[in-house]
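Summary of the model geometry
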Amino acid sequence: MDKDFNYSNLKLGIIGGGQLGKIMSQKAKKMGFHVTILDPTFNCPAAQVSDKHIMGGFHDSALLEQLVQETDVTTFELEHVDTTILKELFDNGHRIHPSPYIIELIQNKYKQKKLLADNGIAIPAYKDVKTDEDLKAFGFPVIQKAKFGGYDGKGVQMLKSEADLDKRITQESFIEELVDIDKELAVIVARNIEGETKCYPVVEMLFDERVNICDSVIAPARISKEIEKTSIELSVKSIKALKGVGIFAVELFLTKSGDILVNEIAPRPHNSGHYTIEACATSQFEQIIRAVTNLPLGSTKLLSPAVMINVLGEEGYAGEPFIEGIHDALEIPELSFHFYGKTYTKPFRKMGHMTVLADDIDTALEKAMKAKKILKIKGSKKI
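All of these numbers come straight from a predicted model, not from anything done at the bench.

Here's the deal with the overall build of the chain
- Looking only at helices and strands, the chain has 11 helices and 19 strands in total.
- Radius of gyration (C-alpha) of the chain: 21 Å, near the 21 Å computed for a compact globule of 383 residues.
- Dimensions of the chain, computed from the C-alpha atoms along their principal axes, are close to 60 × 55 × 45 Å.
- Expressed as a percentage of its 383 residues, the buried residues of the chain come to 55%.
- Considering only contacts within the chain whose residues lie at least 6 apart along the sequence, 63% involve residues at least 24 apart.
- Carbon and sulfur atoms make up 49% of the accessible area of the chain, which amounts to about 16400 Å² in all.
- In the chain, 48 positive and 54 negative side-chain charges are present, and the distance between their average locations comes to 1 Å.

Notes on empty space enclosed by the protein
- Per the counting criterion, the structure on display carries one cavity of 30 Å³ or more.
- When its volume is computed, the largest cavity comes out at roughly 40 Å³.
- Among the elements of the structure, helix 5 (109-118), strand 8 (173-177) and strand 14 (260-266) are those that each provide at least two residues to the lining of the largest cavity.
- Counting residues per element, the lining of the largest cavity draws most heavily on helix 5, which supplies three residues.
- Of the residues belonging to the lining of the largest cavity, the class tally is one nonpolar, two polar and five charged.

Considering the state of the cysteines
- Counted according to the given criterion, the structure contains zero disulfides.
- Cys 280 provides the cysteine sulfur closest to Cys 214, a residue in no disulfide bond, and the two sulfurs are 16 Å apart.
- Here Cys 280 is not cross-linked by a disulfide; its sulfur's nearest cysteine counterpart is in Cys 199, at 12 Å.

Topic: unusual backbone geometry
- Residues His 97 and Pro 98 are joined by a peptide bond in cis, for which omega reads -10°.
- On the secondary structure map, Pro 98 appears in the loop between helix 3 (84-91) and helix 4 (100-107).
- Each neighbour pair has its own omega, and for Phe 140 with Pro 141 the value is -10°, a cis peptide bond.
- One non-glycine residue, Asn 43, adopts positive backbone phi at about 55°.
- Within the fold, Asn 43 resides in the loop between strand 2 (34-39) and strand 3 (52-55).
- Judged by relative accessible area, Asn 43 falls into the partly exposed class, the value being 34%.

Quick look at the pattern of salt bridges
- Applying the stated criterion to the full structure yields 25 salt bridges.
- One salt bridge connects Arg 268 with Glu 79, and the closest N-O pair in it is separated by 2.6 Å. Placement of Arg 268 in the loop between strand 14 and helix 8 (276-279) and of Glu 79 in the loop between strand 4 (73-76) and helix 3 is noted, with a sequence separation of 189 residues between them.
- For Glu 79, a relative accessible area of 11% gives the class buried.
- Here Lys 113 ties to Glu 176 by a salt bridge, and the two come within 3.0 Å at their closest N and O atoms. Of the two residues, Lys 113 is situated in helix 5 and Glu 176 in strand 8; the sequence distance between them amounts to 63 residues. Taken as a pair, Lys 113 and Glu 176 share a single burial class, namely buried.
- Counted as one network, the salt bridges with shared partners bring together Asp 128, Lys 130, Lys 147 and Glu 172.

Conventions we followed
Residues numbered from 1 in each chain as written. Predicted model: local features only at pLDDT ≥ 70, side-chain atom pairs only at ≥ 80, totals over all residues. Heavy atoms only, no water. Helix = DSSP H or I, 4+ residues; strand = E, 2+ residues; numbered from the N terminus. Rg over C-alpha atoms; globule rule 2.2 N^0.38 Å. Buried < 20%, exposed > 50% of the residue type's maximum accessible area, 1.4 Å probe, protein only. Contact = heavy atoms within 4.5 Å. Areas by Shrake-Rupley, 256 points an atom, 1.4 Å probe, with all protein chains shown as cover. Lys, Arg positive; Asp, Glu negative; His and termini not counted. Charge placed at Lys NZ, Arg CZ, Asp CG, Glu CD. 1 Å grid on protein atoms, 1.4 Å probe; cavity = no way out; pocket = protein on both sides within 12 Å on 5 of 7 lines; lining within 4 Å. Points joined across faces, edges and corners; volume = space filled by probe spheres on them. Nonpolar A, V, L, I, M, F, W, Y, C, P; charged D, E, K, R; others polar. Disulfide = S-S within 2.5 Å. Salt bridge = Lys/Arg side-chain N within 4 Å of Asp/Glu carboxyl O.

Dropping the structure here:
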């Protein structure tokens, strides 16, 4: 245990004030901790439930330093942040978890891939690209990924043939083989300062193909015991290679031939772990607080099969959000609705989520799909 922490007066800093920061803050407040967030947006979701809001950008070194200096431990709800000042502060003994060196590594998806490959972790074949000739030499079809800044399907481009070269990403990128995917899986891994590690159940992610955003999460995944075991082993090995402290989402591909490949890692709570709030003994949001403050990790036991549905802003609408169908949706037994408190909606923006519990996955999925048809978030303006 870290004897320097005064748990009755612990000050937690969170870089980022979106929905992940909001739920992290709520869990930290439940434990009696003081929460300060850093985010550029007035009245952002996390600001609505935190003790203090430092209003500024994630590349403002003075404000990042202020947050770290004012708190006992700092963590992240997003990885797109300037790590320069954070590395200095970390090297001078400030508690920042995951370490800014890990955040910096994960920001570069190519370096992240290389670390995994160097540690013998199964990943899709990949190659750095500088020119069109590099692309052609690798062969088509191929997936092109931006090294920096991609999220929620952004910064990823499929190139089926040379005819698609005009669609290529022009920023720094690398290419990856087009994997014949059977299922996309994910495992949330928690690791604390002592190196204690715990895994949540393997889940299955379904995607909205229009924008390549995770649409729903099925817990547990509909996979064999053997695939479950391999997925967990690969995920733990990946986080041990990082030597990370906090919560990490390891995204995996299950190929049609039955292989498991690591796609990428998120160094923070993740969309694939939202179901844990209702369905697990300890949610991913409480678990990250435990991990970064060096408390014992909580049980990751799945209490009930669950399906989580992302509630995205409806196509054709923008502006002030209006929730349609909430009464009818909440009549569905064992359904929980989370609205993130964002003041502006636009098509496909993550505005909330619903989690449905049931005795079996098929029933949970049926109830969740029913809720998805009922509950909509529309904006005040048609676009």
